[in-house]
Amino acid sequence: MLETLLKLTTTYCISFFLLIFGMTHCFSQKDFNLPRKDSDKIRFELINNLIVLPVSLNGVELSFILDSGVSKPILFNITNTDSLQINEVETMFLRGLGGGESVRALKSRNNFFKIGDAVNVNQDIFVIFDQGINFTPRLGVPVHGIIGFDLFKNFIVEINYKSKFLKLHKPELYTYRNCRRCETFNLTFYNDKPYIDGQVEIEGKTQSVKLLIDSGSTDALWLFENDSLGLMPVKTLQFDDFLGRGLSGNVYGKRSKVDAFSLGGFRLENVNAAFPDSTSISFARKFEERSGSLSAEILKRFHVVMDYPNAKITLRKNGNFKSEFRYDRSGIVLEQRGMRVVREKYEKQTFDSYGRKNDDNLTVSTSESYRFKLEPAYKIVELRSGSPAERAGLIVNDIVLAINGKSTHTMSLQEAMEYFQRDIGKTINLNIEREQTFLKIQFKLEDPFKQKKLP
């Protein structure tokens, strides 16, 4: 999961403050600004609900995820960026989601950071060299890092999920529009991360919750189990699953549904909710008032205006609002792992003895030829126990070559995964490569709540 929260060891410590009635930070030279502009519009890619932004770090072009769940930028996956220079480093350790150990990192100061026309000439960044911390395979596009608070704190950030752009506005020049369909909510801050108050309904009971706004998580809701508050997965509506990868390892837990989730007058029904296991979120629960996370599967249903300087967020429904909340119905988690050689057929023109090509007055034959290309390999990295994919005979490390007759090298990783969220009963035909053996495997998508649970 991308809630890679900066939890530092006692060797080095950064002090944060709980801000209940708005932001009280005094912005310094280590801030983003927009020279000679009042606002800036930046296009982004939306990959599996996550916002992937083009950034420039010390003159090198990279891609970062915009993650409101992090307080400081983190840089990883830099093995292919040999020209990147990082400045003034010291060693420290970071702790995040997952049941593993802290991760060794370098803190680098005084870096030049540019997003669109917004620049920061003294940006701090944490650099992780652990090759296991890499979200590129999960998204199928290059991702080199994540950024959150340091960008949000300096601007009013308007996020248009439907049109895939965000606007950075100078707070002192921004004017809120009259919007009858909008609702504005107060934010509270803890460790430079924003929290919002909402309500969940589980088995007919309504409970108030305080949730981290986490644009870096692909899910809808994460809820921390609390029996006394009724925050528990419904016994007849749950299954064990892999929830994602955190800074400190893999995160597992239960997936379930809540009857409804409400923010003010906005109400969403039959919402996906994950309940991570307690060992994976021990550091996330340091803030005792927190009940979980409000994540990108819900955020993408709104036009969002994030206003950290005034500690508020404004939401307006967009065209995604009524979209059904779906789970994977196959049991497969794919990643892009390496490359494979693909033989591609094409028609090669032949010429007459004078070297003339086809035209309206001349018939020149074509011949069928092949060329070889390197394309991404989509590998199965997780299989839900008892799922239709597992029962059909698939195993971890199988490479998926084609889905329902369409070669996977012609589709993005996200397009491939979308096949596995289609309607219950849909037949899936896979062409598989397993240790240089080619197999065809068929299964039908099933309701995951009726599949066998993990032991």
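On a predicted model such as this, the values are computed, not experimentally measured, just so you know.

## Describing the layout of surface pockets
Taken as a whole, the largest pocket encloses approximately 1300 Å³ of empty space. Asn-48, Asn-49, Thr-218, Glu-297 and Gln-421 are, among the 46 residues lining the largest pocket, the residues nearest its centre. The set of elements that each furnish at least two residues to the lining of the largest pocket consists of strand E2 (45-47), helix H1 (136-139), strand E17 (238-246), strand E23 (332-349) and helix H5 (413-418). The biggest single contributor to the lining of the largest pocket is E17, with six residues. For the lining of the largest pocket, the residue count by class is 19 nonpolar, 11 polar and 16 charged.

## As for the side chain of Lys-210
Among the secondary structure elements, Lys-210 is positioned in strand E15 (residues 205-214). A relative accessible area of 12% places Lys-210 in the buried class. One polar contact links Lys-210 to Asp-197, side chain to side chain, over a distance of 3.0 Å. Discounting chain neighbours no more than four positions away, the residues touching Lys-210 are Thr-188, Tyr-195, Ile-196, Asp-197, Phe-287, Glu-289, Arg-290, Ser-291 and Gly-292.

## Focus: the sheet that holds strand E12 (residues 183-186)
Hydrogen bonds between backbone groups are what pair the strands of a sheet, and the pairing can be parallel or antiparallel. Judged by pairing direction, the sheet is antiparallel, and its six strands sit side by side in the order E1-E11-E10-E21-E22-E12 without closing on themselves. The strands lining the two open edges of the sheet, one partner per strand, are strand E1 (39-43) and E12. Shown here is a sheet whose adjacent strand axes are inclined to one another by a mean of 15 degrees, direction ignored. Pairing geometry for strand E21 (residues 302-307) and strand E22 (residues 312-317), over six bridges, is antiparallel.

## Structural notes on unusual backbone geometry
Not every positive phi belongs to a glycine, and Glu-203 is a case in point at roughly 50 degrees. Checked against the element boundaries, Glu-203 lands in the loop between strand E14 (193-202) and E15. One non-glycine residue with positive phi stands out, namely Asn-397, at about 85 degrees.

## Considerations on the nonpolar core
The biggest cluster of nonpolar side chains holds 64 residues, and the ones touching the most others in it are Ile-159, Leu-221 and Ile-298. No other element matches the five residues that strand E19 (residues 266-276) contributes to this core. Apart from residues no more than four positions distant in its own chain, Ile-298 is found in contact with Asp-219, Ala-220, Leu-221, Phe-261, Leu-268, Val-271 and Phe-325. The next biggest cluster of nonpolar side chains, apart from the first, holds 20 residues, and it includes Tyr-419, Ile-428, Ile-441 and Phe-443.

## A word on the packing of aromatic side chains
Inspection of the entire model under this criterion finds 13 aromatic pairs. With a centroid separation of 5.0 Å and an interplanar angle of 85 degrees, the aromatic rings of Tyr-174 and Tyr-176 are classed as edge-to-face. For Tyr-176, a relative accessible area of 29% translates into the label partly exposed. Aromatic rings pair up to connect Phe-149, Phe-152, Phe-189 and Tyr-308 into one cluster. Positioned over the ring face of Phe-165 is Lys-41, at 4.2 Å from the centre of the ring.

## Structural notes on empty space enclosed by the protein
This structure, assessed with the given rule, holds three cavities of 30 Å³ or more. Taken as a whole, the second largest cavity spans an internal volume of roughly 40 Å³. Along the walls of the second largest cavity sit Ser-68, Phe-152, Ile-159, Ile-213, Ser-215, Leu-299, Val-304 and Met-306, which together make up its complete lining.

## So, the pairing of E21
Among the six residues that make up E21, six are buried, leaving the element largely enclosed by the rest of the structure. Of the two faces of E21, the one holding Phe-302, Val-304 and Met-306 and the one holding His-303, Val-305 and Asp-307 are both buried throughout. Note: strand E10 (residues 156-160) against E21, five bridges, orientation antiparallel. Note on E21: the bridge partner recorded for Val-157 is Met-306.

Cut-offs and rules
Residues numbered from 1 in each chain as written. Predicted model: local features only at pLDDT ≥ 70, side-chain atom pairs only at ≥ 80, totals over all residues. Heavy atoms only, no water. 1 Å grid on protein atoms, 1.4 Å probe; cavity = no way out; pocket = protein on both sides within 12 Å on 5 of 7 lines; lining within 4 Å. Points joined across faces, edges and corners; volume = space filled by probe spheres on them. Helix = DSSP H or I, 4+ residues; strand = E, 2+ residues; numbered from the N terminus. Nonpolar A, V, L, I, M, F, W, Y, C, P; charged D, E, K, R; others polar. Buried < 20%, exposed > 50% of the residue type's maximum accessible area, 1.4 Å probe, protein only. Polar contact = N/O pair within 3.5 Å; in protein donor to acceptor, adjacent residues only side chain to side chain. Contact = heavy atoms within 4.5 Å. Pairing = 2+ DSSP bridges. Axes fitted to C-alpha atoms, helices over the stretch in contact; angles between N-to-C directions. Core = buried A, V, L, I, M, F, W, Y, C linked by side-chain atoms within 4.5 Å. Phe/Tyr/Trp six-rings, centres within 6.5 Å; stacked < 30°, edge-to-face > 60°. Lys NZ or Arg CZ within 6 Å of the ring centre and 35° of its normal.

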